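Below, each chain spelled out in residue letters.
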Amino acid sequence: MFITAREEGNINGVNKMLFKKHRDVRPETHHYLRRFEDAVLQGQAVCRELAKLKAQGFVPDVVYGHSGEGVPIFVKDIFPQSKLVCLFEWFYHAHGSDVDFDPAFPITVDDELRVRVKNAPILLDLDSCDRGISPTNWQHSQFPQEYRSKISVIHDGIDTEFIRPASEPALVLPRIGLDLSGVTEIVTYVARGMEPYRGFPQFMEAIQLITEERPKCHVVIVGADRVAYGRTLPEGQTYKQAMLEKVKIDPARVHFTGLLPKPEYLKVLQASSAHIYLTYPFVLSWSMLEAMAAGCVVVGSDTPPVTEVITDGENGLLVDFFSPPQIAARVVEVLTRPGEYEDLRRKARQTIVDRYALRDMLPAQLNMIAKLVAKK
């Protein structure tokens, strides 16, 4: 059984149930508590669907829920004997990770208090779950010490059979009218949203420098013009709009593709001469690991989620998150002497095959669940 609020999508052999909150968060709710109220409303909606299943005689051996938004918080109230496994991606701290990382966004005491309360639904899940999973050691380290023993570090897994280098890559995407088949220098960037959390402002400043120095270079940017994490700009302006007003780029050589279907996204990675990945000390993106699996030269920020995977000069290149000139300089190095980075490309892919391949991670998760169910 799969319980979700999203109407689109179905999986063969999986029964799907929809849940829907009976109301939205009230505007008069204290702003520290709005996220928690929404979590309770979502958990309550899931609870109603679980109760229907129970009334039909369906009692699951395992319930697997994504922590953070409230979905699993009432599972044990309906199915106390079922094993609850939660995916724990992030635990929030006002200091030492993402919230106070960027000096462009100084935090206030009000922010500190709000961030503490933001963890409330996650703490409920940590208390009630039988087992947790966190994708990386860095993310695992963010959780309170007293709960870490309940959380196994197992990545979701990268499909290295699908995400792999191409022998003769050519970036042609007819659906969106993009043909870079004759281009030999392609810099790539991928993110869910174009925003500070993923270094979009620094990236845009860097590509101005890169394209000025490399007149035949093209840049391909995959992602939505939105904020997935962090703060939005006032008056509805997006970071893409703000940066296009700030930097000078040639629109004929800088291509915004929007979100892409997986096969088109893979073609972008396979054609990449250098792939830029920047992130706050936050959740590590799948896209960086997939870029490495595709054999990209990743120029990544020297921040903890990245350095857990990349060793500078061995399987990728590290740069100062806040230094567009340094980002640009390292990319230009790769574009100038591409042949010198073939071994680094191979080692990047091998890192993912050895440590993050779906063929290993999925059995590890299933084995963890099997052991949990075997315990009475």
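Keep in mind that what you see is a predicted model, and the values were worked out from it rather than measured. (Residues numbered from 1 in each chain as written. Predicted model: local features only at pLDDT ≥ 70, side-chain atom pairs only at ≥ 80, totals over all residues. Heavy atoms only, no water.)

> Outline the nonpolar core, listing residues and values.
The biggest cluster of nonpolar side chains holds 64 residues, and the ones touching the most others in it are Phe-203, Ile-210 and Ile-221. When sequence neighbours within four positions are dropped, the list of residues in contact with Ile-221 reads Tyr-189, Met-194, Phe-203, Met-204, Ile-207, Val-254, His-255, Phe-256, Thr-257 and Gly-258. Counting residues in each nonpolar core, the second largest holds 33 residues, with Leu-171, Val-220, Ala-271 and Ala-294 among its members. (Core = buried A, V, L, I, M, F, W, Y, C linked by side-chain atoms within 4.5 Å. Buried < 20%, exposed > 50% of the residue type's maximum accessible area, 1.4 Å probe, protein only. Contact = heavy atoms within 4.5 Å.)

> Break down the sheet that holds strand β13 (residues 298-301) for me, with residues and values.
Taken in spatial order, the 6 strands make up an open sheet running β11-β10-β9-β12-β13-β14, and their pairing is parallel. Here the strands that pair on one side only, and so sit at the sheet edges, are β11 (254-258) and β14 (317-319). Within this sheet the neighbouring strands show an average axis-to-axis angle of 25 degrees, counted without direction. Pairing of strand β9 (residues 186-193) with strand β10 (residues 218-224) involves 6 bridges; the strand directions are parallel. Counted as the bridge partner of Thr-188 is Val-220 from β10. (Pairing = 2+ DSSP bridges. Helix = DSSP H or I, 4+ residues; strand = E, 2+ residues; numbered from the N terminus. Axes fitted to C-alpha atoms, helices over the stretch in contact; angles between N-to-C directions.)

> Give a description of the side chain of His-275 that names residues and reports values.
You can see His-275 is positioned in strand β12 (residues 274-277). Side chain to side chain, His-275 and Thr-188 meet in a polar contact 2.8 Å long. Beyond its immediate stretch of four places on either side in the chain, His-275 contacts Thr-188, Tyr-189, Val-190, Leu-269, Ser-287, Ala-291, Cys-296, Val-297, Val-298 and Val-299. (Polar contact = N/O pair within 3.5 Å; in protein donor to acceptor, adjacent residues only side chain to side chain.)

> Summarise the pattern of salt bridges; cite the residues concerned and give the values.
Per the stated rule, a full pass over the model turns up 20 salt bridges. As a salt-bridge pair, Asp-24 and Lys-21 come within 3.9 Å of each other at their nearest N and O atoms. On the basis of relative accessibility, which here comes to 57%, the residue Asp-24 falls in the exposed class. Arg-175 is paired through a salt bridge with Glu-264; the nearest N and O atoms lie 2.8 Å apart. With Arg-175 in the loop between β7 (172-173) and β8 (178-179) and Glu-264 in helix α8 (residues 262-270), the pair connects residues that are 89 residues apart, well separated along the chain. Residue Glu-264 is classed as buried on the basis of its relative accessible area of 15%. A single salt-bridge network, built from bridges that share partners, covers Lys-21, Asp-24 and Asp-38. (Salt bridge = Lys/Arg side-chain N within 4 Å of Asp/Glu carboxyl O.)

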